[in-house]
Amino acid sequence: MNEKPGLVDKWHKVIEINPPLQFASREGKPEDTIVRVNGIDIGGPEVVVMAGPCAVESEDQLFSTARAVKAGGAKVLRGGAYKPRTSPYSFQGLKEEGLKLLAQARAETGLLVVTEVMDARHLELVCRYADILQIGSRNMQNFTLLEEVGKCRKPLLLKRGMSATLEELLQAAEYVMKGGNREVLLCERGIRTFETSTRNTLDLNAVPMLKRHSHLPVIVDPSHGTGHAWMVPRLARAAVAVGADGLLVEVHCRPEEALSDGPQSLSPDSFGLMMNELRAVAAAVGRC
Ligand code: PEP
Ligand code: MN
């Protein structure tokens, strides 16, 4: 886990970061950062699973999904209340009503809540309900938003832009950390490539490379990384094997009825099976 950048020479040079990172780099802080949120350690020995629907759709949908992911062993409930959708005619999220449902699901299940903040104008509101903020791929280089989140005292799950290099991801994390918020979780969620059979290409290279250059925890999202529910458990296993500190997984109580990302959402049963399989992989690589 504790990999050092090592000598920067022609063979070992990996990413030359200029200007250098002051807060996000492993050189500046050799030991792994553990982000502790309400008693849950992210970046320690445990692989922390964050699971739930792409979007909060209704009380019934959120609560049945939350109970299922809790039963499977997830520690954090995910769910979008503000959804960045390609088409303005697609479901845009329940907004504050969605945030309230997330807070109610937290009260019932004890799960922490991670949810996306799309706009600095909503930050105060989202902070009132979320345990962990999420900045999505489309906003990874929204520098105003990064700076505002830098002033918050809430951990941030920062998703890699779909065409962003690892250096750009680290520089985006640096924006947040420079502002004073040192609790950033880096998230690999797949990048755009020429391949069309999957929604994105999950770049598992990112895990060892980010961990080599940064002390921050690394989370993998195999749902957006593949776009296919049947692939998710396989890529989740690979992510744990390669050293991910956590997973972000879409689960829906009835994937076929989902208002967004149904095809990549696991059913509660397949989530439970995946979690059982992951225990063995985690143990094999010295994690739990
Ligand atoms: C999401 O997590 O639902 C999401 C919108 O992800 P991304 O920003 O990676 O596309
Ligand atoms: Mn989604």
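In this text, all values refer to a predicted model and were calculated from it rather than measured experimentally. (Residues numbered from 1 in each chain as written. Chains lettered and ligands numbered in written order. Predicted model: local features only at pLDDT ≥ 70, side-chain atom pairs only at ≥ 80, totals over all residues. Heavy atoms only, no water.)

Focus: the overall build of the protein chain
Then step 1. Check the secondary structure of the protein chain and you find nine helices and ten strands.
Then step 2. Here the protein chain has a C-alpha radius of gyration of 18 Å; the compact-globule value for 288 residues is 19 Å, and the two agree.
Then step 3. Seen through its principal axes, the protein chain has C-alpha atoms that stretch 55 × 40 × 40 Å.
Then step 4. Burial analysis of the protein chain (288 residues in total) assigns 57% to the buried set.
Then step 5. Restricting the contact set of the protein chain to residue pairs at least 6 apart, pairs at least 24 apart contribute 71%. (Helix = DSSP H or I, 4+ residues; strand = E, 2+ residues; numbered from the N terminus. Rg over C-alpha atoms; globule rule 2.2 N^0.38 Å. Buried < 20%, exposed > 50% of the residue type's maximum accessible area, 1.4 Å probe, protein only. Contact = heavy atoms within 4.5 Å.)

Here's the deal with the coordination of the manganese ion (ligand 2)
Then step 1. For the manganese ion (ligand 2), the full set of protein donor atoms is Cys54 (SG), His224 (NE2), Glu250 (OE) and Asp261 (OD), and the range of their distances to it is 2.0 to 2.4 Å.
Then step 2. Sequence spacing among the residues donating to the manganese ion (ligand 2) works out to C-x169-H-x25-E-x10-D. On the criterion of sequence distance, the pair formed by Glu250 in strand β10 (residues 246-250) and Asp261 in the loop between β10 and α9 (268-284) is long-range, its members being eleven residues apart. Just as Glu250 is buried, Asp261 falls in that class too. (Donors = N, O, S within 2.8 Å, 3.2 Å for Na, K, Ca; no water.)

Describing the packing of helix α8 (residues 232-242) against α9
Then step 1. With their axes 9 Å apart at the nearest point, α8 and α9 run at an angle of 20° to one another. In terms of orientation, α8 and α9 fall into the roughly parallel class. In this structure, the crossing between α8 and α9 has a hand that is right-handed. Taking contact as the criterion, the partners of Val232, Pro233, Ala236, Arg237, Val240 and Ala241 in α8 are, on α9, Met274, Glu277, Leu278, Val281 and Ala282.
Then step 2. Grouping the amino acids of the contact of α8 with α9 by side-chain chemistry returns nine nonpolar, no polar and two charged. (Axes fitted to C-alpha atoms, helices over the stretch in contact; angles between N-to-C directions. Parallel < 35°, antiparallel > 145°, perpendicular 65-115°, else oblique. Left-handed = near helix turned anticlockwise from the far one by under 90°. Nonpolar A, V, L, I, M, F, W, Y, C, P; charged D, E, K, R; others polar.)

Remarks on helix α4 (residues 143-150)
Then step 1. Buried residues of α4: Leu145, Leu146, Val149 and Gly150, and no others. Seen end-on, α4 carries its buried residues on one side only, within an arc spanning 145°.
Then step 2. Elements that come into contact with the buried residues of α4 comprise α3 (123-129), β6 (132-135), β7 (156-159) and α5 (166-178). (Arc of directions from axis to C-beta.)

Describing the layout of surface pockets
Then step 1. In this structure, the largest pocket encloses a volume near 360 Å³.
Then step 2. Lining the largest pocket are 21 residues, with Pro84, Arg138, Arg189, Arg199 and His224 sitting closest to its centre.
Then step 3. Residues belonging to the lining of the largest pocket are distributed by class as follows: three nonpolar, seven polar and eleven charged. (1 Å grid on protein atoms, 1.4 Å probe; cavity = no way out; pocket = protein on both sides within 12 Å on 5 of 7 lines; lining within 4 Å. Points joined across faces, edges and corners; volume = space filled by probe spheres on them.)

Describing the site of ligand 1
Then step 1. Around ligand 1, the neighbouring residues are Cys54, Arg78, Lys83, Glu116, Gln134, Gly136, Ser137, Arg138, Lys159, Arg189, His224 and Glu250.
Then step 2. Ser137 places a polar main-chain atom, nitrogen or oxygen, 2.8 Å from an oxygen atom of ligand 1.
Then step 3. One of the side-chain nitrogen or oxygen atoms of Glu250 is found 3.4 Å away from an oxygen atom of ligand 1.
Then step 4. Within the complex, the protein chains bury 97% of what would otherwise be the 300 Å² of accessible surface of ligand 1.
Then step 5. For the shell around ligand 1, the residue count by class is one nonpolar, four polar and seven charged. (Near = heavy atom within 4 Å. Polar contact = N/O pair within 3.5 Å; in protein donor to acceptor, adjacent residues only side chain to side chain. Areas by Shrake-Rupley, 256 points an atom, 1.4 Å probe, with all protein chains shown as cover.)

With respect to the side chain of Asp261
Then step 1. Here Asp261 falls in the buried class, since its relative accessible area comes to 18%.
Then step 2. A distance of 3.0 Å separates polar atoms of two side chains, one belonging to Asp261 and the other to Arg199.
Then step 3. Setting aside residues no more than four positions away along its own chain, Asp261 makes contact with Cys54, Arg199, His224 and Glu250.

What about the pairing of strand β8 (residues 184-188)?
Then step 1. With five of its five residues buried, β8 lies for the most part within the structure.
Then step 2. Burial along β8 is two-sided: the residues Val184, Leu186 and Glu188 and Leu185 and Cys187 are all buried.
Then step 3. In this structure, β7 lies alongside β8, joined through four bridges in parallel fashion. Bridge assignment links Lys159 to a residue of β8, and that residue is Cys187. (Pairing = 2+ DSSP bridges.)

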